[in-house]
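Residues per chain, in single letters:
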Amino acid sequence: MPSLNRRRFVQIAAAGAAVTTQIGCGRKPSTLGQRAEIPTTCELCPNKCSVIAVVENGLIRKLNPNPENPKSRGMLCARGNAGMLQVYDPDRLKKPLIRAGARGEGKWREATWDEAFDYTAKQLTAIKEKYGPQGVLWSSTEAFAEIFFKNLGLAFGSPNIVRHPTLCLASVNLAYSITFGTVPSFDLLNANYVIMAGANRFEALVTPDTMDLIESTMNRKTRLICLDPRFTVTAAKADEWYPVKPGTDMAFILAMLHVIIGENRHDKEFVTNYTQGFQQLAEHVKQYTPEWAENETEIPAKEIVRIAREFSDAAPRAVFYAGRRSSWYQNDFQMRRAQAILNAVIGNWDKQGGMVPNTKIALGEIMFLPWDDPQAPRVDEMDQRFPLAAKGDGAYLALRENVLAGTPYPVKGWMIAKQDPLNALPDQSKTLKMVEQMDFIGAIDIQMSDTAYYADVVFPESTYLERWDPIEVMSGIWPAVVLRQPAIKPLHDTKPCLEIVQGIAKRLDLGMYFDYTIDQWNEAAAKELPIEMPFEYLKKHGVFTPPGAPTYGATLQPDHRFITASGKIDLYSERIKENGHDPLPVYRPPEQPPANKFRLVIGRKAFYTHANSTNNPWLHEFAPENRLWINPVSAKSAGVAEGDMVEVASRVGSVRLRARVTEEIRPDCVFMLHGFGKRSPALKRVYKRGGSDAVLLETAWDKVSGNAAMHETFVRVWKV
Amino acid sequence: MADKRYALIIDSRKCINCKACVVACRAENRVPLGHSRDWIGEEHRGVWPNLSASFEPEQCHHCANPSCVRVCPTGASFQRDDGIVLVQEDDCIGCRYCIIACPYNARFFREDKGLVEKCTFCMQRVRRGETPACVETCPSKVRVFGDIGDATSQLNQILARREYRTRNPQTGNGPQIYYLI
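Keep in mind it's a predicted model, so treat the numbers as computed, not measured.

Within chain B, the secondary structure is distributed over 6 helices and 10 strands. Against the 2.2 N^0.38 benchmark of 16 Å for 181 residues, chain B shows a C-alpha radius of gyration of 16 Å, consistent with a compact globule. When burial is assessed residue by residue, chain B has 44% of its 181 residues classed as buried.

So this is what it looks like as structure tokens:
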């Protein structure tokens, strides 16, 4: 090999370090600049992985994982790596905007913050005077600073706060809460047998659960069983994959219960000591034989029997994973209940390798002036329709129906933070109608989302790498406290959520309720942590985690009372019955698509899990447009070939996109990725590119939790 | 540095095709869109419902006997004593012989600069004692980077107890990415 003299090596090293940046608005940092490493917290998905921002001369050069976080450890996914482009996106929101043309026409004028605040306060006050404070809806999605926005809605006097859970995992949370009194984590790192139905943890979202499951399945030979109508990455990595008939997961679970209880394989001691309602359960599942389930699920009875036996043999290190995704069917709560019950009877509760109640870390709280509770009832009538559900989060689709109908009262103002209801909610045409009937819409975002595009005022938020956020606790098997602090100063005329909230609050005479700074909030929050100089510690490390390994079994002590109706684990639930639903999960077969239609199933790729990252250039390259997955057999009968432009139509809308003819989907289903076919031209890479699933999905929800049911839509497909 | 000889282990079974390594490399090395220094090969096989799929991360193999270096007419392509194969930008005339000579398609031509670019094992990070960006960021920890000259390295410990293969060994290039079986 050629020898390398020292002079030459120095040259090369310098060449390697030279930055030929594509970003940063043409600024070129020198190679001999100041280098700083700032620990902070990712915001690209709800998992809050710890990152270290490498900053040189005021430019973010790279995001690296922060191994100090016990959950995310040394991991940063594709989205986490690409997050820095949010800062340098030339199309991001840079100044407050006030609509200048018709709504949705895309004509704006730049405004000062004062103007934007004054205008918004005036509009909100006018609505309040005419319709009462309940006439303004406050909707937001998961964010550290969401609390400030939500509190502004409440201080304004509106009960109508609607958050993301009913578009996500409200049915899971409710089912596990009612059964166990809390929503547990699944100890995938230590489980020996894992069943995933629908959950696609190797593909749809990359989180600590993904890392744990790879570690256990590949290094420890944990057995992974996957049920999914698509051949996902999880299916490809699983030991066994069953292309279950969509909507029949509950039949599979009930048949497993039938086998486990029928063969006396349940954990008798655990069931006796910690649960109630076992006799009713045993009686109830007698009807659900594996042969019956084979007919429903298309999974052979002998496999169901074997899996049930293996699952109970592996207990307590066996879990039927709850999944982290939106609900699918109108019985989703009951399906999740069946999962919870199956987990309960094998006694995996609060054991290593089983389901583990989350450990929390207490934060301090800043004192602020309390406001009067809103007087009006919620517009979505949660109390009557979903009495068991978490009221503070609302039920988004039921809410939309009522707003459109004007019952029980008119809602004419809509404040939105970080959320994109036009893509997040099924049935986009209805959301557009909701937009149309609003007197005023204000949106806080970092980019011109489809929803922001239809707003009257758009407030540009600083990106997560430019702002402080409230300290957040990540509860779990390994709990942690994480801090988000700015890596750089805001590049543009943007503000963090708290300052936007304060600006509006001041002009609504509500400023006294937000009379604190983010620093004061964080000082107070950190104060309770059991370390010296806690806030300084967090600034230096970005994350705090208590010493020691996870502990198991605290809830198995004799004096523990489960926070359920009975104080034990509720297999049979009197409380559910009192509220008009089945106290044990009763299987009802889902409607099947007619011969000329397909069921539209949804799912995610981790670089695009939510609708907001498809325009990121470093992610967009992986899938420049979404395509319609269709099985070759179905494609042939529909006259569709690979790459053909097809029209996909449901009862509520139609979209055009190209076909991807693939063996990796059931012939009775079609599939497309989320986050394409955008309406906002500022999302230029995906503007009118591909199709939006939100246009096609019909309005349906789970009857108990109000969670949107995303798999209840049948579509026709034809070549254009 | 003189004693070191860098190599890479890739455990493809653990790869979930999440692209974190591709984005991390792009960010770390400012690789322009349209090109990648690392990528993930995919293979999908079978007919519904008997299917399988596999993913294999790929990049420069930093070969022991690199054909790209041999064919370079100007000496721009060269190998350091620690095994890292590099392109000296000043000497590259953009003839692209090396691109043809590489059995792994690990090199590409940068139109904007008129020269050839490739994986450097993130030498700027390695110099600071860090691992390459693709190695560090990986959620499923597919890659292990290390010194194959050091018998005590984690890399050698894994190679001692696991079976592995290299890609296209018949070329005589002596590739230094070890794919675990």
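Here the focus is the sheet that holds strand S11 (residues 240–242) of chain A. All names here are of chain A. Spatial ordering of the open sheet is given by S11-S10-S9-S13, a layout of 4 strands whose pairing is parallel. Across the chains shown, the open sheet's two edge strands, defined by having one partner strand only, are S11 and strand S13 (318–320). Geometrically, the sheet is characterised by an average inter-axis angle of 10° between neighbouring strands, direction not taken into account.

Attention now goes to the interface of chain B and chain A. Contacts between chain B and chain A engage 39 residues on the former and 45 residues on the latter. The biggest single contributor to the side of chain B that touches chain A is helix H1 (residues 20–29) of chain B, with 6 residues. Of the residues assigned to the side of chain B that touches chain A, the class counts are 17 nonpolar, 11 polar and 11 charged.

The next point concerns the environment of A:Asp114. Residues and elements named next belong to chain A. With respect to the helices and strands, the residue Asp114 is situated in helix H4 (residues 113–131). Judged by the 11 C-beta atoms lying within 10 Å of it, Asp114 is exposed. C-alpha of Asp114 to C-alpha of Ile504: the two residues are 390 residues apart in sequence and 9.3 Å apart in space.

For chain A, the assigned domains read domain 1 (6–88), domain 2 (92–168 + 373–436 + 496–515), domain 3 (184–357) and domain 4 (598–719). When the residues that make up the side of domain 1 of chain A that touches domain 3 of chain A are grouped by side-chain class, the tally is 3 nonpolar, 2 polar and 2 charged.

Our next topic: the sheet that holds strand S26 (residues 669–671) of chain A. All names here are of chain A. Pairing within the closed barrel is mixed, and its 6 strands lie in the order S22-S26-S23-S25-S24-S27. Sheet twist, expressed as the average angle between the axes of neighbouring strands with direction ignored, equals 45°. Alignment of strand S23 (residues 627–630) against S26, held across 2 bridges, turns out to be antiparallel. When the bridges of S26 are listed, Trp629 appears paired with Phe671.

Criteria and cut-off values
Residues numbered from 1 in each chain as written. Chains lettered and ligands numbered in written order. Predicted model: local features only at pLDDT ≥ 70, side-chain atom pairs only at ≥ 80, totals over all residues. Helix = DSSP H or I, 4+ residues; strand = E, 2+ residues; numbered from the N terminus. Rg over C-alpha atoms; globule rule 2.2 N^0.38 Å. Buried ≥ 20, exposed ≤ 12 C-beta atoms within 10 Å, placed from the backbone. Pairing = 2+ DSSP bridges. Axes fitted to C-alpha atoms, helices over the stretch in contact; angles between N-to-C directions. Contact = placed C-beta atoms within 7 Å. Nonpolar A, V, L, I, M, F, W, Y, C, P; charged D, E, K, R; others polar. Domains from an automatic or database assignment.

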